[in-house]
Amino acid sequence: MKMNRIVVALMAVASVYPATSQTMIPSGHVDIGVLYESGVWDLHVHKEVPEPEEEFGPSDAVFVVGAKAQQAGGVPNSASATAFFGPAGSPLWILPKSQDPELPFLGIGAEEMSADDWNGSLTLTMTEVRGPGDVFVWDVGAFGDLQPKMSSRDGFSAGDALTVEAGGHAHYFWAFSAPGDYEVFLSAQGDHKVDGSVQSEPAGYRFQVVPEPGVGTLVLAGLVCLGGFRRRFSGRSVLGGATAVGPCVRRSL
Ligand SMILES: [Zn+2]
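Residues numbered from 1 in each chain as written. Predicted model: local features only at pLDDT ≥ 70, side-chain atom pairs only at ≥ 80, totals over all residues.

Enquirer: So what about the overall build of the protein? Which residues, and what values?
Expert: Tallying secondary structure elements over the protein gives 4 helices and 16 strands in all. Among the 253 residues that make up the protein, the fraction classed as buried is 30%. (Helix = DSSP H or I, 4+ residues; strand = E, 2+ residues; numbered from the N terminus. Buried ≥ 20, exposed ≤ 12 C-beta atoms within 10 Å, placed from the backbone.)

Below is the structure:
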């Protein structure tokens, strides 16, 4: 009888706090999925590798930008780099466009749509960033030239956008200027052949930039894990929960 009451109580907790079940993604091939189907936008996270493939709501997964991402020497001392990222030597954590086994290989996936349904390309626009630093997305041209795509450093405009081909799939460089938790809001737009011009609500994607842990950090991480455990069950802070889980995950690896 007593056991039944405990089970019922646990089930009640689970149903009240479903949003705390965030999945940390520290590596593997993962895409920001862009889909428009039957008049409804579906911006999500599509984890391709490791298998099994899984999909998550934007806020149900956290891309973990591990210590390997920290750029030695910070922002390079070149005119194009400093114009985009800020002063030379400023810290920078980079998710590369090429695959690194210790980092998420993050792309934009629109394979679930057909180019036949659209007039031209779609766009994915960065509309807001919540976090301790700035967020940058760029590509590199055939001659190694930096091609800025999106940046929170100079505010937000229609120019902070990626071109997305319906039916296509592409990868870019992502970078962050400080460790901590970020929420990056992206909105998709396109000219649909039947529905006309359609635009999604901004979807908040979560990133956690993890600094290189020193001994003191590891001790602190242990404390944070305990705190995070309590917070998760109090259900007060979704982002706080994610913050706490990161160091716990790192320690168990
Ligand atoms: Zn991809």
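Enquirer: Could you give an account of the sheet that holds strand β10 (residues 146–151), with specific residues and numbers?
Expert: The strand order β6-β13-β9-β10 describes an open sheet built from 4 strands, whose pairing is antiparallel. Lying at the two open borders of the sheet, with one neighbouring strand each, are β6 (93–95) and β10. Between one strand axis and the next, the sheet turns through 25 degrees on average, direction left out of account. Where β6 and strand β13 (residues 173–176) come together, 3 bridges link them in antiparallel fashion. Note that in β13 the partner of Leu 95 across the bridge is Trp 174. (Pairing = 2+ DSSP bridges. Axes fitted to C-alpha atoms, helices over the stretch in contact; angles between N-to-C directions.)

Enquirer: Please set out the sheet that holds strand β2 (residues 28–37) residue by residue, giving values where relevant.
Expert: The mixed open sheet is built from 5 strands, whose spatial order is β4-β3-β2-β7-β12. The sheet terminates laterally at β4 (54–56) and β12 (169–171), the two strands that pair on one side only. Across the sheet, the axes of successive neighbouring strands diverge by a mean angle of 30 degrees, strand direction being ignored. Two strands pair when backbone bridges link them, and β2 and strand β7 (residues 104–109) are joined in this way by 6 bridges, in the parallel orientation. Bridge assignment links Val 30 to a residue of β7, and that residue is Leu 106.

Enquirer: How would you sum up the environment of Ala 72? Please name residues and give values.
Expert: Its place among the elements puts Ala 72 in the loop between β5 (61–65) and α2 (79–85). Owing to 5 C-beta atoms within 10 Å, Ala 72 belongs among the exposed residues under this scheme.

Enquirer: Please provide a residue-by-residue account of the nonpolar core, values included.
Expert: With 48 residues, the main nonpolar core has Val 34, Val 65 and Phe 207 as its most contacted residues. If you tally residues by element for this core, the top one is β5, at 5 residues. For Val 65, the contacting residues outside a window of four places in its chain are Trp 93, Leu 95, Leu 103, Phe 176, Phe 207, Gln 208, Val 209 and Val 210. (Core = buried A, V, L, I, M, F, W, Y, C linked by C-beta atoms within 7 Å. Contact = placed C-beta atoms within 7 Å.)

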